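Here is what each chain is made of, one letter per residue.
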Amino acid sequence: MLGGGHGFLQGQYGLLADQLINARIILGNGTIVTASKTSHADLFWAIRGAGHNFGIVTEYTLRVYDAQSDDTWAFQQFIFAGKQLDQLYTAVNTMKKSQPAQVVEWGFITRMPVLDPVNPVIIYTILYDGPLSVAKKYSAPIRNLSALQTDSREVPYLALPGLTGNGGNDIACQKGATLLRFPIYLESVNVTALQQVYDAFDQMMVQQPAFNNSFFLVEGYSVQGVQKVPADSTAFPHRGVHMLLTPVMVYLPDAKLDVAAVKHGQHLRELLLQGSGSTELKAYVNYAHGDESLGSMYGFEPWRLDRLRKLKKLYDPEEKFSFYAPIH
Ligand SMILES: Cc1cc2nc3c(=O)[nH]c(=O)nc-3n(C[C@H](O)[C@H](O)[C@H](O)COP(=O)(O)OP(=O)(O)OC[C@H]3O[C@@H](n4cnc5c(N)ncnc54)[C@H](O)[C@@H]3O)c2cc1C
C-alpha cells in the first residue's frame, strides 16, 4: 500500500494507496503522528507512493467497497506455445485499447514441461468482475487463437490469488528462495522486443538450469480508477500505464549465482526498454531491484523528487527509514 498497491480492483476503484483515509505513523525521532487530508497533509501525500521512506505505519483506515451481490468473477486462462507469442500479443495490444475497468489481464512466461518439455509456455489469464458470458465478448480475439490448454469458469473473488499463481503455495510466495524482480511499466508491448525476451529467457534456462523456476510476469491492468485520482495528489507517479512487465529471477540461495541472475534480469528488462523507444525506465517501486534511478521509481517530473527530498529532510532527517529504495 505504501508504494501504491496494484490489484484486481484498481480499474474500478484505484490503487490500494488511493483507499487510504488516515495512517498512524511512528517517525524516526519516536514521535507518533496521524497523516490524513487534514493532519500532516504533506506526509499523507508522501506515504501514498513512497511511504516506506518516512516511518512505521502501525494503524490505518481504508475505504472499502461492497462486493457485487453474487461475487462472480469470470476466470479465463489460456496456455500458449512460445511460437504463438506474436499472435497473442498483437491481439492483446488491440484489446488493451478498450480494456473495461472490470478486466485484469495476467500473464506469465514460464516453463511447464507437462505441456512443452522443451520451451517455455505463455500463460495468459483474463479476469473479469462479472459473468463469463460478458467476459467472453472481450476475450473473443484470444479465444480465436488455438491455445494448448484453456480453462474458463466463474469463481468467487477469493479464488483469484490461487488461480493467478499468487497463492501461499505458489512459486512467487516460496519461502527460502531468492526472488529478484526487474520491473518496467509500458504503454503497450513491443511484440518484437517481447519475442527477444522470450528467446533470451529460453536460452538462459538452457544454459543455467538453476534458474528454471524463474518466470516473466506480464501484468495488464485497467487504469480508469487509478486515473480518476489526480496525478499530483499522491506520491505515486505512474498512473496512466496499463502494463507492468517483470522478469522474476527465482533460484535457491547461492551467492555464486547472484551476479548472473542480476545480469539476466537487467538484460531482459533492457530489451523491453529499447523496444519501447523511450530512454526513461518507469518502474514500480514495490518490485524494484535497487538499480533503478529515483526518477524511475518516484517520477521524472523534477517537482516530485524536490518535494520528496524536502519531506524526507523534515520527517526523517536522520534517514532511519532508508533501507529500501531510499530518497536521498
Ligand atoms: C508473491 C507476491 C505477490 C505480489 N503481488 C503484488 C500485487 O498484486 N500488487 C502489488 O502492488 N504488489 C505486489 N507485490 C509486491 C508487494 O507490494 C511488495 O513486495 C511490498 O513491498 C510488500 O510489502 P511487505 O510489507 O510485505 O514487505 P516488506 O519487505 O516487509 O517491506 C517492504 C518495505 O516496506 C517497509 N515497510 C513494511 N511495513 C511497513 C510499515 N508498517 N510501515 C512503513 N514501512 C513499512 C519495509 O521497511 C520495506 O522497506 C507482490 C509481491 C510478492 C512477493
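Residues numbered from 1 in each chain as written. Predicted model: local features only at pLDDT ≥ 70, side-chain atom pairs only at ≥ 80, totals over all residues. Heavy atoms only, no water.

I would appreciate a short explanation of the pairing of strand β8 (residues 178–181) in the present structure.
Regular strands place their side chains on alternate faces of the sheet. Every second residue of β8 is oriented toward a common face, the buried set being Thr178 and Leu180 and the non-buried set Leu179 and Arg181. Alignment of β8 against strand β11 (residues 243–251), held across four bridges, turns out to be antiparallel. Bridged to Leu180 within β11 is Met249. (Buried < 20%, exposed > 50% of the residue type's maximum accessible area, 1.4 Å probe, protein only. Helix = DSSP H or I, 4+ residues; strand = E, 2+ residues; numbered from the N terminus. Pairing = 2+ DSSP bridges.)

Explain the packing of helix α3 (residues 85–96) against helix α4 (residues 132–143) here, please?
How two helices sit against one another is set out by the angle between their axes and by the gap between those axes. Viewed as axis vectors pointing N to C, α3 and α4 meet at an angle of 155 degrees, and their least axial separation amounts to 9 Å. Looking at the two axes, α3 sits roughly antiparallel to α4. Relative to α4, α3 is oriented so that their crossing is right-handed. Where α3 abuts α4, its residues Leu88, Ala91, Val92, Met95 and Lys96 lie against Tyr138, Ser139, Pro141 and Ile142. For the contact of α3 with α4, the class distribution of residues is seven nonpolar, one polar and one charged. (Axes fitted to C-alpha atoms, helices over the stretch in contact; angles between N-to-C directions. Parallel < 35°, antiparallel > 145°, perpendicular 65-115°, else oblique. Left-handed = near helix turned anticlockwise from the far one by under 90°. Contact = heavy atoms within 4.5 Å. Nonpolar A, V, L, I, M, F, W, Y, C, P; charged D, E, K, R; others polar.)

Explanation requested: the packing of helix α6 (residues 191–207) against helix α8 (residues 255–276) in the structure shown.
With their axes 8 Å apart at the nearest point, α6 and α8 run at an angle of 165 degrees to one another. Regarding the angle of α6 to α8, the classification is roughly antiparallel. As for how α6 packs across α8, the hand of that crossing is right-handed. Contacts from Ala193, Leu194, Gln196, Val197, Ala200, Phe201 and Met204 in α6 reach His264, His267, Leu268, Leu271, Leu272 and Gly275 in α8. Tallied by class, the residues present in the contact of α6 with α8 amount to nine nonpolar, four polar and no charged.

Explain the site of the ligand here, please?
Around the ligand there are 15 residues in total, and His6, Gly55, Val57, Tyr284 and Asn286 lie nearest to it. In this structure, His6 approaches the ligand through a main-chain N or O atom, which is 2.7 Å from an oxygen atom. For the ligand, a nitrogen atom lies 2.8 Å from a polar atom in the backbone of Val57. Burial of the ligand by the surrounding chains reaches 55%, relative to a free accessible area of 950 Å². Among the residues forming the shell around the ligand, the class breakdown is eight nonpolar, six polar and one charged. (Near = heavy atom within 4 Å. Polar contact = N/O pair within 3.5 Å; in protein donor to acceptor, adjacent residues only side chain to side chain. Areas by Shrake-Rupley, 256 points an atom, 1.4 Å probe, with all protein chains shown as cover.)

I tried to follow the UniProt feature "domain: FAD-binding PCMH-type" (unreviewed entry) in the protein chain on my own but got confused; where do I start?
Annotation from UniProt places "domain: FAD-binding PCMH-type" (unreviewed entry) at residues 1–67. Secondary structure across residues 1–67 divides into 21% helix and 28% strand, with the first and last C-alpha atoms of the span separated by 20 Å. (UniProt positions renumbered as here; feature names shortened; annotations may be inferred.)

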